[in-house]
Amino acid sequence: MTNYLYFNILNGKSEKGKVSIIVNSDGSGNAGESSAVDIEFKKIGSNPTEYTYLAGVTQTEKIPEQAGNE
């Protein structure tokens, strides 16, 4: 189980949540040959939540424009 953060550069939306990572096939094979990797990500617990990224500002800080908008 691990935390993840997903960011979609096309629409600017992101989410965070918890997943388990299951490796079904590790892609082992001979050097120089093609191989395939099969990995599943399964949600654990509650649904992912929206995440807002603010460049240069930590999540615990507030930027001046947001002060008083609570």
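Model, not experiment: these values are computed from the prediction.

Draft legend 1. Expanded view of the overall build of the chain. Counting its secondary structure elements, the chain contains zero helices and four strands. Counting the 70 residues in the chain, one finds 13% classified as buried. Taking all contacts inside the chain whose residues are at least 6 apart in sequence as the whole, residues at least 24 apart take part in 28%. Accessible surface computed for the chain: about 6100 Å², of which carbon and sulfur atoms make up 51%.

Draft legend 2. Quick peek at the pattern of salt bridges. In the structure shown here, the tally under the stated rule is one salt bridge. As a salt-bridge pair, Lys42 and Glu40 come within 3.7 Å of each other at their nearest N and O atoms.

Draft legend 3. Structural view of the confidence of the model for the chain. Looking at the chain, the pLDDT average stands at 80 and 80% of residues meet or exceed 70. A low-confidence stretch, residues 66-70 (pLDDT under 50), is modelled with two contacts involving residues beyond four sequence positions or located in other chains.

Draft legend 4. Representation of the pairing of strand β2 (residues 14-25) in the model. Sheet topology note: the strand β1 (residues 2-7)/β2 ladder contains six bridges and is antiparallel. Each residue of the ladder has a partner; that of Thr2, found in β2, is Val19. Connecting β1 to the next strand, β2, in antiparallel fashion are six residues, including Gly12 with a positive phi near 75°. In this structure, β2 lies alongside strand β4 (residues 49-50), joined through two bridges in antiparallel fashion. When the sheet's bridge partners are listed, Lys16 is paired in β4 with Thr49.

Draft legend 5. Expanded view of the environment of Phe41. Topologically, Phe41 is positioned in strand β3 (residues 38-43). Using a relative accessible area of 57% as the deciding quantity, one classes Phe41 as exposed. Sequence separation between Phe41 and Val23 is 18 residues; the distance between their C-alpha atoms is 9.0 Å. When residues no more than four places from it in sequence are discounted, the contact partners of Phe41 are Val19, Ser20 and Ile21.

Draft legend 6. Quick peek at the environment of Ser35. With respect to the helices and strands, Ser35 occurs in the loop between β2 and β3. Between the alpha carbons of Ser35 and Ser25 there is a distance of 9.7 Å; along the sequence they are 10 residues apart. Each residue touching Ser35, except ones within four places of it in the same chain, is listed here: Gly27 and Ser28.

Procedures and definitions
Residues numbered from 1 in each chain as written. Predicted model: local features only at pLDDT ≥ 70, side-chain atom pairs only at ≥ 80, totals over all residues. Heavy atoms only, no water. Helix = DSSP H or I, 4+ residues; strand = E, 2+ residues; numbered from the N terminus. Buried < 20%, exposed > 50% of the residue type's maximum accessible area, 1.4 Å probe, protein only. Contact = heavy atoms within 4.5 Å. Areas by Shrake-Rupley, 256 points an atom, 1.4 Å probe, with all protein chains shown as cover. Salt bridge = Lys/Arg side-chain N within 4 Å of Asp/Glu carboxyl O. pLDDT = per-residue confidence, 0-100. Pairing = 2+ DSSP bridges.

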